[in-house]
Amino acid sequence: MTTQLMTGNEAVARACYEAGVKLVSAYPGTPSTEITENAAKYDEVYAEWAPNEKVALEVAIGASIIGARSLAAMKHVGLNVAADPLFTIAYGGVNGGLVIVSADDPGMHSSQNEQDNRLIGRAAGVPVLEPSDSAEALEFTKTAFSLSERFDMPFIIRLTTRTAHSSSLVSLGERKEKPLIPYKKNEKKFVMMPAHARPRHLDLEERLSSFMAYVEGCGLNRIEWRDKKIGVICSGAVYNYVKEALPCASILKIGVSYPLPARMFKEFAAGVKKLYVIEELEPMMEDFARSLGIKCQGKELFSIAGEIMPWEIASKIGGKEQEMLPAAAEIPARPPVMCAGCPHRGLFYLLGKHKLVVSGDIGCYTLACSPPLSAMDTTICMGASIGVAHGMEKAAGEDTSRHTVAVLGESTFLHSGMTGLLNVVYNQSRVTTIILDNSITAMTGHQHNPASGKNAKGQTAPAVDFEQLCRAIGVKKVLVTDPYDLQATEAALTECLEFDGPAVLITRRPCALLVKELPSAALTVDNKKCTGCKTCLKLGCPALGFNEEGKAFIEQTQCAFCGLCAEICRFDAINKEAAQ
Amino acid sequence: MTGVNNILIVGVGGQGTILASRILAEVAIAGGYQVKISEIHGMSQRGGSVMTQLRFADEVFSPVIEPSTADILLSFEMLEALRALPYLKEGGELIVSKQELLPMPVITGTAQYPADIAERLLSVVPDAQIVDALSLAKKAGTVKAVNVVLLGMLSRHLPFDENSWLQAIRKCVKPKTVEINLKAFALGRG
């Protein structure tokens, strides 16, 4: 048997291949992105980037209804966007197996919140399986497809950053082709109008009951009896931490996080002297145990916020002295920054210079919030920038929009910003929307989108025309500039802010990380002309520095030759020189 | 847990720490070990601090390394070595590329890049290897090979034969860069 080191995400993609999955649809989002990137590498699997998670799930639902196994992948907040189809397809059920991956992010390594999507599964009546490593990610995903077909329910695979992005060995199997399950029209199952939905809700409860009966005896949950003085109920990544920290403890390892197995909980609780429930984020298993009258300890020991680490378990339960990280007060932080040459930098420099209120959004450009640019006032969720700016104007008056802008990337605009712009036009505010068009979904690692001209498989695809799109929505003022040209961008920005009506400014230039050709010249600081005024440092460019002689300098290994520093230097101290 | 080998690789996003961990993992797997790696992607590409944790043993549960338990700390940058130092166990090995990359708070003048990093590292780990990996990478043909130079240095502290390292490099790097990387490894291994 072939074994391979895989991340949890690669293992889920492998499971799609092996389980005969026909279709994977997703919108990129850390830590879920590599599922679809890897699924796209299998010729047998059709994989696509959808404009957002709601569309992705609807596409997967369509594939399921027509009889194919299908999967939609997203990060935890993406499932909010897809919650509408999710809650209703739970009533309808499936034809071909339907699996939704929710990659949660306890600790918020790369997210705006740390919601616990086990609770969404419970709220929607959708079973949740939770693997603890890559081998289980593969096994559980395959199992989810067959259970989905057997119990006529969609299934959620819940990963966390640690399971999605940790690597461990996986045994590979062969692909088993799954021919389409014949499609039969069944409007009582798939047309969810009230008369059909009422019986389907009751039917869902019955399907959940029969799945609950299955869960009690299935191998996805298991009790590992060791010393019975201490028992721990846990799931996912935390299971491995418990094994590490408390090698002698008995463990009830939960693989099905919803619905939970009452009989097993009781059996395990009765068998151990002291019971702990260790789970990241919400006390879902703990509340369940308490509802069964089981005494246990959980959230009084472990925070509801952030990740739980093995040494925390060893110290709080194992009594091991905790190794504390010494305070890193004298060590400067190294926050992520916009890359050298980033086309977003110049625009945010201008927004800061004009002291505008910036209704921001989600993408690399959210980093403009950090010093020295400090050019962002709000970031709520994907696509929120335009609605937020509109709300500000409607509440505080038209003048608000003379010094406020909504800023978002082209992928975020296509995800859920378009409807906000439509609202601006329809409800007649004069919001200026700036679309940062670098023609790629950059933050998550450069995925194609409807503006990039390529699809998830790397094939040529139509690219959306933003100018036409905005005009069709009803925006009368649509300008396009190159953000490396600060003068032109500043003029266009002013024109949009002064325009009596909604305006869109598109700043267009490809992501600097995707520009392959080496610069033909280098930028250097003329020490005789540099006055040490530090204006250039306001750009927040990682290629710029300040030396002991009180002069700016350019780190040649970092410089991407965008020329912004030369543009804003008032003393003409930054020059182009032919590259060596 | 005793018996698990903990290797912590730290650096700055974009320096190639993940490829280094992949090569090391292949070598450990070929040596018959179970391997787990934990890495955090996401914001890391944008020049932030990055940390890759690699553990190998006959059986490994958690993929994350506890503070004060790393057997070897391999750092691609001076400041990051200092930041990660609390993860190193007493008597652990420290290998650091003496490259210094300025973080944004230093560039903007709100923080200072410590001038005494080497002394502080040596005061905790007297036999720390602070090395000019960048020059060796240049000698191999590209500054990008600095990660494989450092792997060459790391290889001297691990019980795997040279051949399995060479095989792992061939397997993990782009075909076009195999020769340069093999050269970089040899220069690092010395």
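Cut-offs applied
In this convention, every chain numbers its residues from 1, walking through the sequence in written order. Here every chain gets a letter starting at A, and every ligand a number starting at 1, in the order they are written. Note on the predicted model: pLDDT of at least 70 is required for a residue's local features to be given, and 80 or more for side-chain atom pairs to be given and counted; whole-chain, interface and lining totals, by contrast, use all residues. Helix and strand definitions follow DSSP, with helices as H or I runs of at least four residues and strands as E runs of at least two, each counted in order from the N terminus. The size measure is the radius of gyration over C-alpha atoms, and the globule rule it meets is 2.2 Å times the number of residues to the 0.38 power. Here a residue counts as buried when 20 or more other C-beta atoms sit within 10 Å of its C-beta, as exposed when there are 12 or fewer, and as partly exposed otherwise, the C-beta atoms being derived from the backbone. Two residues qualify as being in contact provided that their C-beta atoms, derived from the backbone, are within 7 Å of each other. In this document the domain limits rely on a domain assignment from an automatic tool or a database. Here the term charged refers only to Asp, Glu, Lys and Arg, the term nonpolar to Ala, Val, Leu, Ile, Met, Phe, Trp, Tyr, Cys and Pro, and the term polar to all other amino acids, Gly among them. If DSSP finds at least two bridges between two strands, the strands pair. Each axis is a line fitted through C-alpha atoms, and for a helix only the stretch in contact is used; angles between axes span 0 to 180 degrees, taken between their N-to-C directions. Put simply, a nonpolar core is buried Ala, Val, Leu, Ile, Met, Phe, Trp, Tyr and Cys residues tied into one set by C-beta atoms within 7 Å. In this analysis, the expected span of each helix is defined as 1.5 Å times one less than the number of residues it contains. A residue's pLDDT is the predictor's confidence in that residue, given on a scale from 0 to 100. Here the angle decides the label: under 35 degrees means roughly parallel, over 145 means roughly antiparallel, 65 to 115 means roughly perpendicular, and every other value means oblique. We call a crossing left-handed when the near helix sits turned anticlockwise from the far one by less than a right angle, and right-handed when that turn is clockwise.

Trainee: Tell me about the overall build of chain B, and please be specific about residues and values.
Mentor: Counting its secondary structure elements, chain B contains eight helices and six strands. Counting helices and strands in the order they occur from the N terminus, chain B gives β-α-β-β-β-α-β-α-α-β-α-α-α-α. Taking 16 Å as the expected radius of gyration for a compact globule of 190 residues, we find that chain B reaches 16 Å, a close match to that expectation. For the C-alpha atoms alone, the extent of chain B along its principal axes is close to 50 × 40 × 35 Å. A burial count over chain B gives 55% of its 190 residues as buried. Nonlocal contacts in chain B, meaning residues at least 24 apart in sequence, comprise 65% of its contacts between residues at least 6 apart.

Trainee: Residue-level account of the overall build of chain A, with values.
Mentor: When its secondary structure is counted, chain A shows 20 helices and 22 strands. Here chain A, with 580 residues, has 54% of them falling under the buried criterion.

Trainee: Before we move on, could you go through the domain arrangement of chain A and cite the residues and values that matter?
Mentor: Residue and element names in this part refer to chain A. Taken domain by domain, chain A holds domain 1 (3-217), domain 2 (222-316), domain 3 (344-514) and domain 4 (521-578). A C-alpha centroid distance of 25 Å is found between domain 1 and domain 2. Contacts between the two partners involve 24 residues from domain 1 and, on the opposite side, 20 residues from domain 2. Elements with a contribution of two residues or more to the side of domain 1 that touches domain 2: α6 (118-124), β6 (128-129), β7 (155-160), α8 (161-165) and α10 (194-217). Broken down by element, the side of domain 1 that touches domain 2 gets its largest block of residues, five residues, from α10. When grouped by side-chain class, the residues that make up the side of domain 1 that touches domain 2 number ten nonpolar, five polar and nine charged.

Trainee: Give a description of the interface of chain A and chain B that names residues and reports values.
Mentor: At the junction of the two partners, chain A supplies 45 residues and chain B supplies 43 residues. Looking at the side of chain A that touches chain B, the elements with two or more residues in it are α8, β8 (166-171), α11 (236-245), α14 (310-316) and β20 (544-546) of chain A. In terms of residue class, the side of chain A that touches chain B is made up of 26 nonpolar, 13 polar and six charged.

Trainee: Account for the environment of Arg 508 of chain A, naming residues and giving values.
Mentor: Residue and element names in this part refer to chain A. Mapping Arg 508 onto the fold places it in strand β18 (residues 503-508). Since 18 C-beta atoms lie within 10 Å of it, Arg 508 is described here as partly exposed. When residues no more than four places from it in sequence are discounted, the contact partners of Arg 508 are Asp 437, Val 480 and Asp 482.

Trainee: Residue-level account of the sheet that holds strand β16 (residues 432-437) of chain A, with values.
Mentor: Residues and elements named next belong to chain A. Spatially, β14-β15-β16-β18-β17 is the arrangement adopted by the five strands of the open sheet, whose pairing is parallel. Single-partner strands in this sheet number two, and they are β14 (357-359) and β17 (477-481). Each strand axis lies, on average, 25° off the axis of its neighbour in the sheet, ignoring direction. Examined bridge by bridge, strand β15 (residues 404-409) and β16 share five bridges and lie parallel to one another.

Trainee: Break down unusual backbone geometry for me, citing the residues and quoting the values.
Mentor: The phi torsion of most residues other than glycine is negative, and most of the peptide bonds are trans. Residues and elements named next belong to chain A. The omega torsion across Tyr 258 and Pro 259 is -5°, close enough to zero to call that bond cis. Position of Pro 259 relative to the elements: it lies in the loop between β12 (256-258) and α12 (262-271). Here the residue pair Pro 371 and Pro 372 is connected by a cis peptide bond, since its omega of 5° sits within 30 degrees of zero. At Leu 281, a position not held by glycine, the phi torsion is positive, near 65°. Phi at Ser 439 is positive, roughly 60°, even though this residue is not glycine. Mapped onto the fold, Ser 439 is located in the loop between β16 and α18 (466-473).

Trainee: Please set out helix α6 (residues 146-155) of chain B residue by residue, giving values where relevant.
Mentor: Within α6 of chain B, ten of the ten residues are buried, leaving the element largely enclosed by the surrounding structure. By the burial criterion, the buried members of α6 of chain B are Val 146, Asn 147, Val 148, Val 149, Leu 150, Leu 151, Gly 152, Met 153, Leu 154 and Ser 155 of chain B.

Trainee: Could you give me a rundown of the sheet that holds strand β2 (residues 23-26) of chain A, with the residues and numbers involved?
Mentor: Residues and elements named next belong to chain A. Here seven strands make up an open sheet; going across it, the order is β3-β2-β4-β5-β7-β6-β12 and the pairing mixed. A strand with exactly one partner marks an edge of an open sheet, and here the two such strands are β3 (46-49) and β12. Summarising the sheet, strand β5 (residues 98-104) and β7 pair through six bridges and their orientation is parallel. Bridge pairing in β7 links Ile 100 to Ile 156. In the packing of helix α3 (residues 53-65) onto the sheet, contacts are made with β2, β4 (70-75) and β5, and the angle to β4 comes to roughly 165°. Taken strand by strand, helix α7 (residues 134-151) contacts β5, β6 and β7, and its axis lies near 165° from that of β7.

Trainee: Any details on the nonpolar core? Residues and values, ideally.
Mentor: Cys 16, Ala 56, Val 101 and Val 242 of chain A together with Val 149 and Leu 150 of chain B are the most contacted members of the largest nonpolar core, which totals 241 residues. A per-element tally of this core places α3 of chain A first, with eight residues. If near-sequence neighbours (up to four positions away) are discounted, Leu 150 of chain B is found in contact with Ala 20, Leu 74, Phe 76, Ile 95, Ser 97, Ala 133 and Gly 188 of chain B.

Trainee: I'd like a rundown of helix α8 (residues 178-189) of chain B, residues and numbers included.
Mentor: Under the 1.5 Å per step criterion, the end-to-end length of α8 of chain B is 16 Å for twelve residues, consistent within 8% with the ideal 16 Å. Within α8 of chain B, the full set of buried residues consists of Asn 181, Lys 183, Ala 184, Phe 185 and Gly 188 of chain B.

Trainee: Give a detailed account of the confidence of the model for chain B, specifying residues and quantitative values.
Mentor: The predicted model of chain B averages 93 in pLDDT, with 96% of residues at 70 or higher. Interface scoring of the predicted complex returns ipTM 0.94; its pTM is 0.96.

Trainee: Quick rundown of the packing of helix α17 (residues 410-426) of chain A against α18 of chain A? Include the residues and the values.
Mentor: Residues and elements named next belong to chain A. Put simply, α17 and α18 touch, their axes get as near as 10 Å, and they point 25° apart. As far as their axial angle goes, α18 and α17 are roughly parallel. Between α17 and α18 lies a crossing whose hand is right-handed. Contact with α17, carried on its side by Glu 410, Leu 421, Leu 422 and Val 425, involves Phe 466, Cys 470 and Ile 473 of α18 and no other residues of that element. Grouping the amino acids of the contact of α17 with α18 by side-chain chemistry returns six nonpolar, no polar and one charged.

Trainee: Can you break down the packing of helix α1 (residues 8-18) of chain A against α7 of chain A residue by residue, with the values?
Mentor: All names here are of chain A. It is the contact of α1 with α7, at a shortest axis distance of 8 Å, that shows an interaxial angle of 30°. Of the two elements, α1 crosses α7, and the hand of that crossing is right-handed. In contact with Gly 8, Ala 11, Val 12, Arg 14, Ala 15 and Glu 18 of α1, α7 contributes Ser 134, Ala 137, Leu 138, Thr 141 and Lys 142.

Trainee: Run through the environment of Val 191 of chain A, naming residues and quoting values.
Mentor: Considering the arrangement of structural elements, one finds Val 191 of chain A in the loop between α9 (187-190) and α10. Taking the C-alpha atoms as reference points, Val 191 of chain A and Gly 92 of chain A, separated by 99 residues in sequence, lie 8.1 Å from one another.

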